[in-house]
Amino acid sequence: MQSENRLFDDVVKFVNGAAGTLAGMGREAEAATRERAREWIGGMDFVSREEFEAVKAMAAAARDEVEALKKQLDALEGKGAAPKPKSTKP
């Protein structure tokens, strides 16, 4: 059943058009805000998760290597052996 009131039809068309326009403006505003946030955060020298994980792995490997080198150094210096007897002075 169609409305016989032409004014009502015009108002409905206007509201539908305005709703579509507002929805489009909202999407554009959201996209612009996201882009500005990306630019702002990008200028703050943050690192990506991949870069962080790579440096974390390198640090863990360096710690392991340092521990191994400490053990080798202790073995070479004789720290792992029995202590030297102290000399007695007369």
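Within every chain, residues take consecutive numbers counted from 1 along the sequence as written. In keeping with the model being predicted, local features are shown solely for residues with a pLDDT of at least 70 and side-chain atom pairs are shown and tallied solely at 80 or more, while totals for entire chains, interfaces and linings include all residues. Note that water and hydrogens are dropped before the side-chain values are worked out from all heavy atoms of the structure.

### A look at the pattern of salt bridges
Thinking step 1. We define a salt bridge as a contact between a side-chain nitrogen of Lys or Arg and a carboxyl oxygen of Asp or Glu at a distance within 4 Å. Counted under the stated rule, the structure contains three salt bridges.
Thinking step 2. Between E35 and R38 there is a salt bridge; the shortest N-O distance is 3.5 Å. You can see E35 and its partner R38 sitting in helix α1 (residues 6-42), three residues apart, about one turn around the helix.
Thinking step 3. Exposure classes here rest on a 1.4 Å probe applied to the protein chains alone. A residue is buried below 20% of its type maximum, exposed above 50%, and partly exposed in between. Judged by its relative accessible area of 55%, R38 is exposed.
Thinking step 4. Where R49 meets E53, a salt bridge forms, and the shortest distance between an N and an O atom there is 3.3 Å. Note that R49 and E53 are positioned in helix α2 (residues 49-77) at a spacing of four residues, about one turn of the helix.
Thinking step 5. Under the relative-accessibility criterion, R49 is labelled exposed at 56%.
Thinking step 6. Taking the relative accessible area as the measure of exposure, E53 reaches 34% and is therefore partly exposed. In DSSP terms, a helix is any run of H or I states spanning at least four residues, a strand is any run of E spanning at least two, and both are numbered starting from the N terminus.

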